[in-house]
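Structural overview for review
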Amino acid sequence: MRTVVPMQPATEAQRDEPVPPSPVDRRMLAEEILVVLSLSVLRPAAFAILSLLEAPISGVVVAAADQSTEFTRQVLGFLFALAPVFLVVHLVRRSGEGVVVIGLSSDRPAQDLARGAVLGAFVGLAGVGIYLAAVGLGVNRFVLPVPPLGHWWTVPALVLNAVEAGLVEEVIVLAYLVTRLRQLSWTPVQAIAASALLRGSYHLYQGWGGFAGNLAMGALFGFLFLRWGRRTWPFVIAHVLLDIGAGVGFILFRDRLPGF
């Protein structure tokens with residue numbers, strides 16, 4: 001009589017394999033990646049590199065948030081900035097893969113929220129240290145992480161900017177790009193490295209500190225994205241909390257920061 005061994009539940013690391021099959025051939029998949037990135041982060045990456053080359057770093061202040069003084073412009077900018085995210089969602093739905101393939105499952109909200117909060121706190125503490133050290137060494141510009149101060153809508157606009165950055169960067173640069181590169185037969189290390197390098201490149205307008213910090217953040221997020229079974233919400237939550245925390249921290253303690 002044969003002994004039946006019960007199936008063991010897959011671990012989080014195992015859930016990353018096998019890679020979801022590509023819905024189209026390699027050429028079409030590469031074209032899709034190029035279109036999505038061109039509409040989202042490649043343009044700011046190119047201009048960030050140009051900014052780094054055109055102007056000095058030490059003693060320069062740069063804005064990481066929309067500096068319009070009209071709340072309507074802030075809201076419109078937020079809505080149109082989410083278009084590439086909607087494009088990605090449309091593409092995976094049209095291909096029959098569904099949003100699960102880019103990690104947007106909503107079946108474990110409590111776990112995703114807890115992971116996102118812990119990750120945001122960890123990266124936030126490390127990020128503050130890297131930023132202050134880079135500014136002190138003269139290899140990073142002073143970053144203004146908030147919309148214009150003194151308005152009733154300053155904090156709401158800060159939240160909108162944070163949600164925008166969290167969705168665009170984590171859905172596209174992390175979940176979408178890593179998944180598509182894996183479908184193009186890139187190794188996990190190659191896919192994570194490409195995602196992290198791209199994340200660092202569009203922060204070069206801040207200087208080398210912004211590049212290094214976001215490169216490290218991208219590598220960590222990429223590793224955990226695969227380790228946690230391709231779940232994107234923890235990283236969206238962590239990113240939103242990071243940006244809100246940076247903005248609120250600046251509002252409360254800007255008089256003590258170097259350069260302000």
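Scope of this entry: the structure provided in the associated data block. Small disclaimer: the values here were computed from a predicted structure and weren't measured.

1. Let's talk about the overall build of the chain
- Across its full length, the chain carries nine helices and two strands.
- Starting at the N terminus, the α and β elements of the chain follow one another as α-α-β-α-α-α-β-α-α-α-α.
- Relative to the 2.2 N^0.38 estimate, which gives 18 Å for 260 residues, the radius of gyration of the chain is 20 Å and therefore close to what a compact globule would have.
- With respect to the three principal axes, the spread of C-alpha positions in the chain is 75 × 40 × 35 Å.
- Burial statistics for the chain: of 260 residues in total, 44% are counted as buried.

2. Observations concerning the layout of surface pockets
- Reported here for the second largest pocket is a volume of approximately 240 Å³.
- Counting residues per element, the ones that place at least two in the lining of the second largest pocket are α1 (26-38) and α4 (83-94).
- Counting residues per element, the lining of the second largest pocket draws most heavily on α1, which supplies five residues.
- Here the residues of the lining of the second largest pocket are counted per class, giving seven nonpolar, one polar and four charged.

3. Details of the packing of helix α7 (residues 188-201) against helix α8 (residues 208-227)
- The contact between α7 and α8 brings their axes to 7 Å, and the two run at 145°. You can see that α7 and α8 cross each other, and the crossing is right-handed. Two secondary-structure elements touch here, α7 through Pro188, Ile192, Ala196, Leu197, Arg199, Gly200 and Ser201 and α8 through Phe211, Asn214, Leu215, Met217, Gly218, Ala219, Phe221, Gly222, Phe223 and Leu226.
- Residue classes in the contact of α7 with α8 are distributed as eleven nonpolar, five polar and one charged.

4. A closer look at the packing of aromatic side chains
- In this structure the tally under the stated criterion is six aromatic pairs.
- Look at Phe71 and Trp153: their rings are 5.7 Å apart centre to centre, the planes differ by 25°, and that puts the pair in the stacked class. Placement of Phe71 in helix α3 (residues 71-81) and of Trp153 in the loop between β2 (142-144) and α6 (154-183) is noted, with a sequence separation of 82 residues between them.
- Here the aromatic rings of Trp208 and Phe211 are separated by 6.0 Å at their centres, their planes lie at 90°, and the arrangement is edge-to-face. With Trp208 and Phe211 both in helix α8 and three residues apart, this pair spans about one turn of that helix.
- Relative accessible area serves as the criterion here: at 47%, Trp208 is assigned to the partly exposed category.
- The class of Phe211 is buried, set by a relative accessible area of 17%.
- Above the face of the Trp228 ring, Arg115 is positioned so that its terminal group lies 4.5 Å from the ring centre.

How each quantity is defined
- Residues numbered from 1 in each chain as written.
- Predicted model: local features only at pLDDT ≥ 70, side-chain atom pairs only at ≥ 80, totals over all residues.
- Heavy atoms only, no water.
- Helix = DSSP H or I, 4+ residues; strand = E, 2+ residues; numbered from the N terminus.
- Rg over C-alpha atoms; globule rule 2.2 N^0.38 Å.
- Buried < 20%, exposed > 50% of the residue type's maximum accessible area, 1.4 Å probe, protein only.
- 1 Å grid on protein atoms, 1.4 Å probe; cavity = no way out; pocket = protein on both sides within 12 Å on 5 of 7 lines; lining within 4 Å.
- Points joined across faces, edges and corners; volume = space filled by probe spheres on them.
- Nonpolar A, V, L, I, M, F, W, Y, C, P; charged D, E, K, R; others polar.
- Axes fitted to C-alpha atoms, helices over the stretch in contact; angles between N-to-C directions.
- Left-handed = near helix turned anticlockwise from the far one by under 90°.
- Contact = heavy atoms within 4.5 Å.
- Phe/Tyr/Trp six-rings, centres within 6.5 Å; stacked < 30°, edge-to-face > 60°.
- Lys NZ or Arg CZ within 6 Å of the ring centre and 35° of its normal.

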